[in-house]
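Summary of structural features
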Amino acid sequence: MAKGEVKTAVVADGLRYKSKAPGSPFRASASFSGATMSCFMCGKHRVRSQLRTRQVLGKSQTVCAPSCKALDEALE
């Protein structure tokens, strides 16, 4: 399989992503309630209201509520 054409390169000043859009893919939030966290099970970033804490391997971890699969289906 051949890889596609490389659109980025390391420039003299050290910047690699010339074509990358500036900023973060996660929205800025002034309040803690609008922040996102990643699910321990699936790794997807979700709003904190879509997560719950659950004991995993003896520690409290944030996971999708009610489950990763159910939440994906509900959001589609």
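For the structure itself, consult the block above.
Residues numbered from 1 in each chain as written. Predicted model: local features only at pLDDT ≥ 70, side-chain atom pairs only at ≥ 80, totals over all residues. Heavy atoms only, no water.

A few words on the environment of Pro66. Within the fold, Pro66 resides in the loop between strand S4 (59–64) and helix H1 (68–75). Look at Pro66 and you get exposed, because its relative accessible area is 63%. Along the chain, Pro66 and Arg52 lie 14 residues apart, while their C-alpha atoms are 8.1 Å from each other. (Helix = DSSP H or I, 4+ residues; strand = E, 2+ residues; numbered from the N terminus. Buried < 20%, exposed > 50% of the residue type's maximum accessible area, 1.4 Å probe, protein only.)

As paired strands, strand S3 (residues 51–56) and S4 are joined by 6 bridges and run antiparallel to one another. Across the sheet, Arg52 pairs through a bridge with Val63, a residue of S4. Counting the residues between successive antiparallel strands, the hairpin from S3 to S4 contains 2 residues, one of them, Leu57, with a positive phi of roughly 55°. (Pairing = 2+ DSSP bridges.)

A few words on a nonpolar patch on the surface. Residues Phe40, Met41 and Leu57 make up a contiguous nonpolar surface patch of about 360 Å² in total accessible area. With respect to the helices, strands and loops of the structure, Met41 is situated in the loop between strand S1 (36–38) and strand S2 (45–47). (Patch = residues over 30% accessible without salt bridge, like charges linked within 9 Å, V, L, I, M, F, W, Y side chains within 5 Å. Areas by Shrake-Rupley, 256 points an atom, 1.4 Å probe, with all protein chains shown as cover. Salt bridge = Lys/Arg side-chain N within 4 Å of Asp/Glu carboxyl O.)

Here we take up unusual backbone geometry. Cis geometry marks the peptide bond from Ala65 to Pro66; its omega dihedral reads 0°. Backbone geometry at Leu57 places phi at a positive 55°, although glycine is not the residue there.

In this structure the tally under the stated criterion is 2 salt bridges. Here Asp72 and Lys44 are joined by a salt bridge, their closest N and O atoms 3.0 Å apart. Residue Asp72 is found in helix H1, and its partner Lys44 is found in the loop between S1 and S2; the two are separated by 28 residues along the sequence. Asp72 serves as the salt-bridge partner of Arg46, at 2.6 Å between the closest nitrogen and oxygen. Separated by 26 residues along the polypeptide, Arg46 in strand S2 and Asp72 in helix H1 bring together distant segments of the chain. Judged by relative accessible area, which is 6%, Arg46 ranks as buried. Owing to a relative accessible area of 23%, Asp72 belongs among the partly exposed residues under this scheme. Each of Lys44, Arg46 and Asp72 takes part in one network of salt bridges that share partners.

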